[in-house]
Amino acid sequence: MNSTETHAKLYRAARRLRLAAWAGAVLCLAVTLLAVFAPQAGPRGLLVAVLDTDGLPHAWAAAIALVVAGLVAGALFELARMLGRVGHGALFAPAATRHFRRFALLLVLAALLRLLLPALAVVALAAMGESMTVTLSFSGGDLLALFVAVVFFFVARLFDEAARLEEDSRAIV
(Lines give C-alpha, C1' and ligand atoms only; values in the text may rest on other atoms or scores of the structure.)
Protein backbone atom coordinates (compact mmCIF):
# COMPACT_ATOMS: atom_id res chain seq x y z
CA MET A 1 0.00 0.00 0.00
CA ASN A 2 1.52 3.32 -1.02
CA SER A 3 1.48 6.59 0.87
CA THR A 4 -1.35 8.09 -1.20
CA GLU A 5 -3.66 5.14 -0.47
CA THR A 6 -2.80 5.30 3.23
CA HIS A 7 -3.58 9.02 3.34
CA ALA A 8 -6.86 8.49 1.48
CA LYS A 9 -7.93 5.83 4.01
CA LEU A 10 -6.91 8.07 6.88
CA TYR A 11 -8.94 10.98 5.50
CA ARG A 12 -12.01 8.80 4.93
CA ALA A 13 -11.77 7.46 8.47
CA ALA A 14 -11.36 11.01 9.81
CA ARG A 15 -14.46 12.09 7.88
CA ARG A 16 -16.53 9.22 9.32
CA LEU A 17 -15.28 9.88 12.84
CA ARG A 18 -16.02 13.58 12.41
CA LEU A 19 -19.64 12.79 11.58
CA ALA A 20 -19.82 10.45 14.57
CA ALA A 21 -18.40 13.18 16.84
CA TRP A 22 -20.99 15.69 15.58
CA ALA A 23 -23.78 13.15 16.07
CA GLY A 24 -22.48 12.32 19.55
CA ALA A 25 -22.42 15.99 20.55
CA VAL A 26 -25.97 16.56 19.35
CA LEU A 27 -27.27 13.34 20.94
CA CYS A 28 -25.55 14.11 24.24
CA LEU A 29 -27.26 17.47 24.47
CA ALA A 30 -30.61 16.23 23.16
CA VAL A 31 -30.87 13.29 25.56
CA THR A 32 -29.79 15.42 28.51
CA LEU A 33 -32.31 18.13 27.64
CA LEU A 34 -35.00 15.47 27.26
CA ALA A 35 -34.12 13.98 30.65
CA VAL A 36 -34.07 17.37 32.35
CA PHE A 37 -37.16 18.97 30.83
CA ALA A 38 -39.43 16.05 29.87
CA PRO A 39 -42.22 15.13 32.25
CA GLN A 40 -40.99 12.45 34.60
CA ALA A 41 -44.23 10.49 34.38
CA GLY A 42 -44.39 7.08 32.79
CA PRO A 43 -42.61 6.16 29.57
CA ARG A 44 -44.03 7.73 26.44
CA GLY A 45 -42.91 7.45 22.88
CA LEU A 46 -39.88 5.79 21.41
CA LEU A 47 -37.16 7.53 23.43
CA VAL A 48 -37.32 7.90 27.18
CA ALA A 49 -34.61 9.71 29.11
CA VAL A 50 -34.65 9.78 32.89
CA LEU A 51 -32.55 12.08 35.06
CA ASP A 52 -30.98 10.14 37.93
CA THR A 53 -30.88 12.70 40.74
CA ASP A 54 -29.01 10.50 43.25
CA GLY A 55 -31.19 12.02 45.96
CA LEU A 56 -30.46 15.65 45.03
CA PRO A 57 -33.32 18.02 44.28
CA HIS A 58 -34.28 17.86 40.60
CA ALA A 59 -33.07 21.39 39.86
CA TRP A 60 -29.62 20.71 41.32
CA ALA A 61 -29.24 17.38 39.52
CA ALA A 62 -30.48 18.97 36.30
CA ALA A 63 -27.95 21.79 36.56
CA ILE A 64 -25.13 19.29 37.10
CA ALA A 65 -26.31 17.15 34.17
CA LEU A 66 -26.53 20.19 31.89
CA VAL A 67 -23.03 21.39 32.82
CA VAL A 68 -21.49 17.95 32.26
CA ALA A 69 -23.41 17.38 29.01
CA GLY A 70 -22.38 20.83 27.76
CA LEU A 71 -18.73 20.06 28.44
CA VAL A 72 -18.93 16.64 26.78
CA ALA A 73 -20.72 18.10 23.75
CA GLY A 74 -18.11 20.86 23.58
CA ALA A 75 -15.36 18.25 23.71
CA LEU A 76 -16.95 16.29 20.87
CA PHE A 77 -17.31 19.51 18.89
CA GLU A 78 -13.57 20.17 19.30
CA LEU A 79 -12.82 16.59 18.28
CA ALA A 80 -14.92 17.07 15.14
CA ARG A 81 -13.00 20.26 14.35
CA MET A 82 -9.69 18.43 14.81
CA LEU A 83 -10.84 15.61 12.54
CA GLY A 84 -11.85 18.20 9.95
CA ARG A 85 -8.26 19.47 9.98
CA VAL A 86 -7.00 15.92 9.54
CA GLY A 87 -9.34 15.56 6.57
CA HIS A 88 -7.57 18.51 4.94
CA GLY A 89 -4.14 16.94 5.41
CA ALA A 90 -3.15 18.86 8.55
CA LEU A 91 -2.44 15.91 10.81
CA PHE A 92 0.02 17.63 13.15
CA ALA A 93 -0.70 21.25 12.29
CA PRO A 94 -0.91 23.51 15.35
CA ALA A 95 -4.62 24.17 14.68
CA ALA A 96 -5.40 20.44 14.70
CA THR A 97 -3.44 19.75 17.88
CA ARG A 98 -5.01 22.80 19.54
CA HIS A 99 -8.49 21.34 18.90
CA PHE A 100 -7.42 17.97 20.26
CA ARG A 101 -5.98 19.63 23.37
CA ARG A 102 -9.29 21.47 23.91
CA PHE A 103 -11.14 18.17 23.42
CA ALA A 104 -8.99 16.53 26.09
CA LEU A 105 -9.26 19.46 28.48
CA LEU A 106 -13.06 19.60 28.20
CA LEU A 107 -13.26 15.85 28.84
CA VAL A 108 -11.06 16.19 31.93
CA LEU A 109 -13.27 19.03 33.19
CA ALA A 110 -16.45 17.03 32.52
CA ALA A 111 -15.09 13.98 34.34
CA LEU A 112 -13.88 16.04 37.32
CA LEU A 113 -17.13 17.97 37.60
CA ARG A 114 -19.13 14.75 37.30
CA LEU A 115 -17.25 13.54 40.39
CA LEU A 116 -17.13 16.79 42.37
CA LEU A 117 -20.37 18.69 41.70
CA PRO A 118 -22.74 16.24 43.44
CA ALA A 119 -20.58 16.35 46.58
CA LEU A 120 -20.40 20.14 46.43
CA ALA A 121 -24.17 20.30 45.97
CA VAL A 122 -24.69 18.22 49.11
CA VAL A 123 -22.38 20.52 51.07
CA ALA A 124 -24.19 23.59 49.71
CA LEU A 125 -27.60 22.16 50.56
CA ALA A 126 -26.42 21.27 54.08
CA ALA A 127 -25.05 24.80 54.52
CA MET A 128 -28.45 26.18 53.46
CA GLY A 129 -30.09 24.13 56.20
CA GLU A 130 -31.67 21.53 53.92
CA SER A 131 -32.32 18.31 55.77
CA MET A 132 -32.07 15.46 53.35
CA THR A 133 -30.54 12.07 52.93
CA VAL A 134 -28.25 11.85 49.96
CA THR A 135 -26.02 8.97 49.03
CA LEU A 136 -22.89 9.94 47.19
CA SER A 137 -21.32 7.18 45.21
CA PHE A 138 -18.40 7.12 42.84
CA SER A 139 -18.51 4.32 40.36
CA GLY A 140 -15.60 2.72 38.64
CA GLY A 141 -17.02 4.18 35.44
CA ASP A 142 -16.58 7.73 36.78
CA LEU A 143 -12.98 7.04 37.73
CA LEU A 144 -12.30 5.29 34.43
CA ALA A 145 -13.74 8.27 32.51
CA LEU A 146 -11.40 10.58 34.44
CA PHE A 147 -8.43 8.30 33.71
CA VAL A 148 -9.23 8.12 29.99
CA ALA A 149 -9.67 11.89 29.82
CA VAL A 150 -6.28 12.43 31.48
CA VAL A 151 -4.70 9.99 29.00
CA PHE A 152 -6.25 11.97 26.13
CA PHE A 153 -4.78 15.13 27.61
CA PHE A 154 -1.35 13.45 27.69
CA VAL A 155 -1.79 12.36 24.05
CA ALA A 156 -2.68 15.95 23.20
CA ARG A 157 0.64 17.05 24.68
CA LEU A 158 2.38 14.40 22.55
CA PHE A 159 0.59 15.78 19.47
CA ASP A 160 1.85 19.26 20.37
CA GLU A 161 5.39 17.93 20.48
CA ALA A 162 4.89 16.11 17.16
CA ALA A 163 3.62 19.36 15.62
CA ARG A 164 6.66 21.20 16.92
CA LEU A 165 9.02 18.54 15.52
CA GLU A 166 7.23 18.59 12.17
CA GLU A 167 7.55 22.38 12.02
CA ASP A 168 11.24 22.15 12.94
CA SER A 169 11.87 19.57 10.22
CA ARG A 170 10.18 21.79 7.61
CA ALA A 171 12.29 24.75 8.71
CA ILE A 172 15.49 22.74 8.30
CA VAL A 173 14.64 21.57 4.77
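In case you missed it, the structure is sitting above this.
Residues numbered from 1 in each chain as written. Predicted model: local features only at pLDDT ≥ 70, side-chain atom pairs only at ≥ 80, totals over all residues. Heavy atoms only, no water.

A description of the nonpolar core should follow, citing residues and the corresponding values.
Leu79, Met82, Leu83, Phe100, Phe103 and Leu107 are the most contacted members of the largest nonpolar core, which has 19 residues in total. Where this core is concerned, the elements lending two or more residues are α1 (3-37), α2 (58-87), α3 (94-127) and α4 (140-172). What Phe103 contacts, discounting residues up to four positions off in sequence, is Ala75, Leu76, Glu78, Leu79 and Phe152. (Core = buried A, V, L, I, M, F, W, Y, C linked by side-chain atoms within 4.5 Å. Buried < 20%, exposed > 50% of the residue type's maximum accessible area, 1.4 Å probe, protein only. Helix = DSSP H or I, 4+ residues; strand = E, 2+ residues; numbered from the N terminus. Contact = heavy atoms within 4.5 Å.)

Help me get a handle on the pattern of salt bridges, residues and values and all.
One pass over the full model with this rule turns up five salt bridges. For Glu78, the salt bridge is made with Arg81, and the minimal N-O distance between the two is 3.4 Å. With Glu78 and Arg81 both in helix α2, this residue pair falls three residues apart, about one helical turn. Here Arg102 and Glu78 are joined by a salt bridge, their closest N and O atoms 3.8 Å apart. With Arg102 in helix α3 and Glu78 in helix α2, this residue pair connects regions lying 24 residues apart in the sequence. Classification of Arg102 as partly exposed rests on a relative accessible area of 36%. (Salt bridge = Lys/Arg side-chain N within 4 Å of Asp/Glu carboxyl O.)

Residue-level account of the packing of α3 against α4, with values.
Close contact between α3 and α4 brings their axes to 8 Å; oriented N to C, the two are set at 160°. Here α4 runs roughly antiparallel to α3, going by the angle between their axes. By crossing handedness, the relation of α3 to α4 is classed as left-handed. The residue makeup of the contact of α3 with α4, split by class, is 20 nonpolar, one polar and five charged. (Axes fitted to C-alpha atoms, helices over the stretch in contact; angles between N-to-C directions. Parallel < 35°, antiparallel > 145°, perpendicular 65-115°, else oblique. Left-handed = near helix turned anticlockwise from the far one by under 90°. Nonpolar A, V, L, I, M, F, W, Y, C, P; charged D, E, K, R; others polar.)

I'd like a description of the packing of aromatic side chains, backed by residues and values.
Note on aromatic pairs: each is described by the distance of the centres and the angle between the planes. Under the criterion given, the structure shown has five aromatic pairs. Between Trp22 and Phe77, the ring centres sit 5.1 Å apart and the planes meet at 75°, which makes this aromatic pair edge-to-face. Within this pair, whereas Trp22 is found in helix α1, its partner Phe77 is found in helix α2, the two being separated by 55 residues in sequence. Ring geometry for Phe103 versus Phe152: centroids 5.4 Å apart, planes at 50°, classification tilted. (Phe/Tyr/Trp six-rings, centres within 6.5 Å; stacked < 30°, edge-to-face > 60°.)

So what's going on with the layout of surface pockets? Which residues, and what values?
Here the largest pocket defines a volume of roughly 300 Å³. Residue lining of the largest pocket: 16 residues in total, with Leu51, Asp52, Ala61, Ala65 and Arg114 positioned closest to the centre. Among the elements of the structure, α1, α2 and α3 are those that each provide at least two residues to the lining of the largest pocket. In terms of residue count, α2 provides more of the lining of the largest pocket than any other element does, five residues in total. (1 Å grid on protein atoms, 1.4 Å probe; cavity = no way out; pocket = protein on both sides within 12 Å on 5 of 7 lines; lining within 4 Å. Points joined across faces, edges and corners; volume = space filled by probe spheres on them.)

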